[in-house]
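# Coordinates in review
Chain by chain, the residues run as shown.
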Amino acid sequence: GCLLLWLLPSVLRAQSGEEMRSRSMACQQSPTKVSCKGAGLRRLPKELAHGVKYLELSNNFIQNLSGSSMPGFGQLEYLDVCFNQLEVVSATALARLPQLRSLLLGSNRLDRNYLANGRAFRLLGRVELLDLSANNLESHMAGWYISNLTRLRMLDLSGNRMTRLPAGIFGSSPRLRELDLSDNYIMEIEEGAFEALEELEVVNLALNSLHCISGFSLTQLRVLNLSHNALELFLWGEGAEPYLLQVLDLSHNRLLSFPQLPKAHYLTHLNLSNNLIASLLPGSGDPGQFVLLYEEMVRINRTQPAAAGLTRVTDLDLSNNRLELLPFPFFHSLGSLHSLSLARNCLQDVAGESLAGSTEPGSRSPALSVRSLDLQDNALRALPPWFFTSLPQLEEIDLGSNSLQPCESQGNGQGGDSHLPPPGGTCTPFYNVPGLKHLNLGKNNIARLLPFAFNQTPLLSLDLSGNKDLFVPKEALGGLELSLQKLSLRGNQMDDSKAELPCLGTLKVLDLSGNNLSLLPTGLLCSPLESLDIRNNNLATLGKPALASWSRSLKDVAVAGNPFSCCSLAWLD
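Residues numbered from 1 in each chain as written. Predicted model: local features only at pLDDT ≥ 70, side-chain atom pairs only at ≥ 80, totals over all residues. Heavy atoms only, no water.

An unreviewed UniProt entry lists the chain under the name LRC32 protein, with Chloroceryle aenea given as the organism.

The number of helices and strands found in the chain is six helices and 30 strands. When the 573 residues of the chain are sorted by exposure, 47% land in the buried category. Partitioning the intrachain contacts of the chain with sequence separation of at least 6 by distance along the chain shows that 53% fall at a separation of at least 24. As displayed, the chain offers around 26800 Å² of accessible surface, 51% of which is attributable to carbon and sulfur atoms. (Helix = DSSP H or I, 4+ residues; strand = E, 2+ residues; numbered from the N terminus. Buried < 20%, exposed > 50% of the residue type's maximum accessible area, 1.4 Å probe, protein only. Contact = heavy atoms within 4.5 Å. Areas by Shrake-Rupley, 256 points an atom, 1.4 Å probe, with all protein chains shown as cover.)

Below, the discussion takes up the packing of aromatic side chains. This model, assessed by the stated rule, comprises 15 aromatic pairs. Both rings, one in F170 and one in F194, keep their centres 5.9 Å apart while their planes meet at 15°; by these two values the pair is stacked. Here F194 lies in the loop between β12 (188-189) and β13 (202-204) and F170 lies in the loop between β10 (164-165) and β11 (178-180), a separation of 24 residues in the sequence. Of the two residues, F170 and F194, both sit in the buried class. Taken together, a centroid distance of 4.9 Å and an interplanar angle of 85° make the contact between W236 and Y243 edge-to-face. (Phe/Tyr/Trp six-rings, centres within 6.5 Å; stacked < 30°, edge-to-face > 60°.)

What follows is about the pattern of salt bridges. In total, this model carries eight salt bridges according to the counting rule given. We note a salt bridge from R109 to E87, for which the minimum N-O separation is 3.4 Å. Of this pair, R109 sits in the loop between β7 (102-104) and α3 (114-120) while E87 sits in the loop between β5 (78-80) and β6 (88-89); the two residues are 22 residues apart in sequence, bridging distant segments of the chain. Note on E87: relative accessible area 18%, which makes it buried. Several salt bridges converge on common partners, so that one network encompasses E87, R109 and R112. (Salt bridge = Lys/Arg side-chain N within 4 Å of Asp/Glu carboxyl O.)

Another aspect to go through is the state of the cysteines. Evaluation of the coordinates by the stated rule reveals three disulfides. Between the sulfur atoms of C27 and its disulfide mate C36 the distance is 2.1 Å. Because the torsion about its S-S bond is 115°, the bridge between C27 and C36 counts as right-handed. Exposure class is identical for C27 and C36. Each is buried. A disulfide bridge connects C503 with C526, and the sulfur atoms are separated by 1.9 Å. Of this pair, C503 sits in the loop between β27 (486-488) and β28 (509-511) while C526 sits in the loop between β28 and β29 (531-533), placing them 23 residues apart in sequence. A residue is classified by how much of its surface remains accessible, and C526, at 34% relative accessible area, is partly exposed. (Disulfide = S-S within 2.5 Å.)

So, on to the confidence of the model for the chain. Here the chain averages 87 in pLDDT, while 85% of its residues score no lower than 70. Overall, residues 1-21 carries pLDDT values under 50, and its contacts beyond four positions in sequence, including any with other chains, amount to zero contacts. (pLDDT = per-residue confidence, 0-100.)

Bringing the side chain of D156 into the picture now. Its location among the elements puts D156 in strand β9 (residues 154-156). Of the polar contacts made by the side chain of D156, one reaches the side chain of S158; its length is 2.7 Å. With near-sequence residues (within four places) excluded, D156 lies in contact with L130, D131, L132, S133 and D180. (Polar contact = N/O pair within 3.5 Å; in protein donor to acceptor, adjacent residues only side chain to side chain.)

Along the chain, L464 turns up in the loop between β26 (461-463) and β27. Along the sequence, L464 and I446 sit 18 residues apart, while their C-alpha atoms lie 8.6 Å from each other. The contacts of L464, once residues within four sequence positions are left out, are L441, G442, L449, L470, S488, L489 and N492.

Glancing now at the pairing of strand β16 (residues 233-236). Only one face of β16 is buried, namely the one carrying F234 and W236, since none of L233 and L235 on the opposite face is buried. Bridging between strand β14 (residues 212-216) and β16 involves three bridges; their strand directions are parallel. Bridging across to β16, F216 finds its partner in W236. (Pairing = 2+ DSSP bridges.)

Okay, unusual backbone geometry next. With phi around 60°, S401 is a residue other than glycine that occupies positive phi space. Within the element layout of this structure, S401 appears in the loop between β24 (396-398) and β25 (438-440). What makes S401 partly exposed here is its relative accessible area of 26%. The backbone of N445 shows a phi angle near 60°, a positive value even though the residue is not glycine. Among the secondary structure elements, N445 is positioned in the loop between β25 and β26.

Next up, the structure:
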């Protein structure tokens, strides 16, 4: 035992040497690139082969960049030392990197020795991309590091401890094009912080502590992310130059109303989700005033069609707010709008040109260009008869988690007059919508589908899941025989008498899971099913006629959670 303990240090030294050799062998090499990612290195490689321009040293244990002789390093253009333990960056080492264009130093400890390190950074005259993310840098430290990088184009300072952006912090980098300041603690942006950055196009200020943006004047910006802050106010500075901004993300803030946008802009994507917006009138945050202001909004929109200033917006997200009324007049000027989300609000009604509750016959709203509309998880009980007529280009609508009841088609599949308004407005007509392809009516507490509810609406997919005890008579899906490709009746607790499907000749995907079926609906025999989910039912066996009809089309089937009889499993063959 004593002898073994005495030999142990020698054994460990031998193993350590082998380990170092195996780590050096872990590097992958090509004529121009060397990658030693996760190789367990504690220092820089001693030399690089001729022609290597790309060196990756991330996920190691390197604590300093130093060295008087670094053969081959002078040709490097890209150096990645992220996720190490880097504390010291010497001027001697950086002086031997004259061709360096990209330097990635994220997730290290560069808050230590920042004064000496920052002086060394003055030798990085040609660097265009710099990553200093997650280094515990405070505002003054970050400013010191970049104080002499005149050619910088992309800068990542995310995940640090910056609390403010002082005036002139980026003054030495006038060519900066992309700037990431996300995930800091920035509460204040001094006037002039971005003044020198005339080429700046992309700014990410997400996950900070900003409460107010006023006099925003970065007209050359293309993308601005201000999500996950505490913004209650966002005001633009009005000037002669138009704003080039195309993408604006103000989600996850505390905005009380729709922000006032500048008169001239190129905005195409606007995200206002997860705020406290109770009104779509700019500057009106009190939901109690909304009805009083609504008539004024209609009047303004009639006289100034582009009053909202959103003529180029194609994608608008207003989900997770506090809207109670969906006012169509607000969207009249959005001539380019293709995707609109109002999911997870408090919507109870839809208003056209006249106020909700108007008794004017045939009251309707001018057509909108929306193709995809998300209204899931609201409190809608009925949509007005003119709703789909005002959305002639609509292809997809999500109405899940509301309380909508489909009307019976007045034409009963014979092409008769199916434009008659539903009696009393208690149900919603989903028939005669020729452009609609995808419809979600899941979790609407629908008890029974009426005959020909979707007649002359050539749906490709229909979701009726989560409607407990739903009764689907055979005629309910009449009119979908030659169009429907995907149908979900999941989680409805339907028994055999409540699932009567017609011959759906194009159906490829069917979800019947979470019901109480002991037999498959006979109407499915003529469907060219490719995917079938019948989990968690009361099926003891699968009928041979159905399986024979699907033998060439079926690609996947889920059958778990059924009381299959082990004595009658011939269907598996």
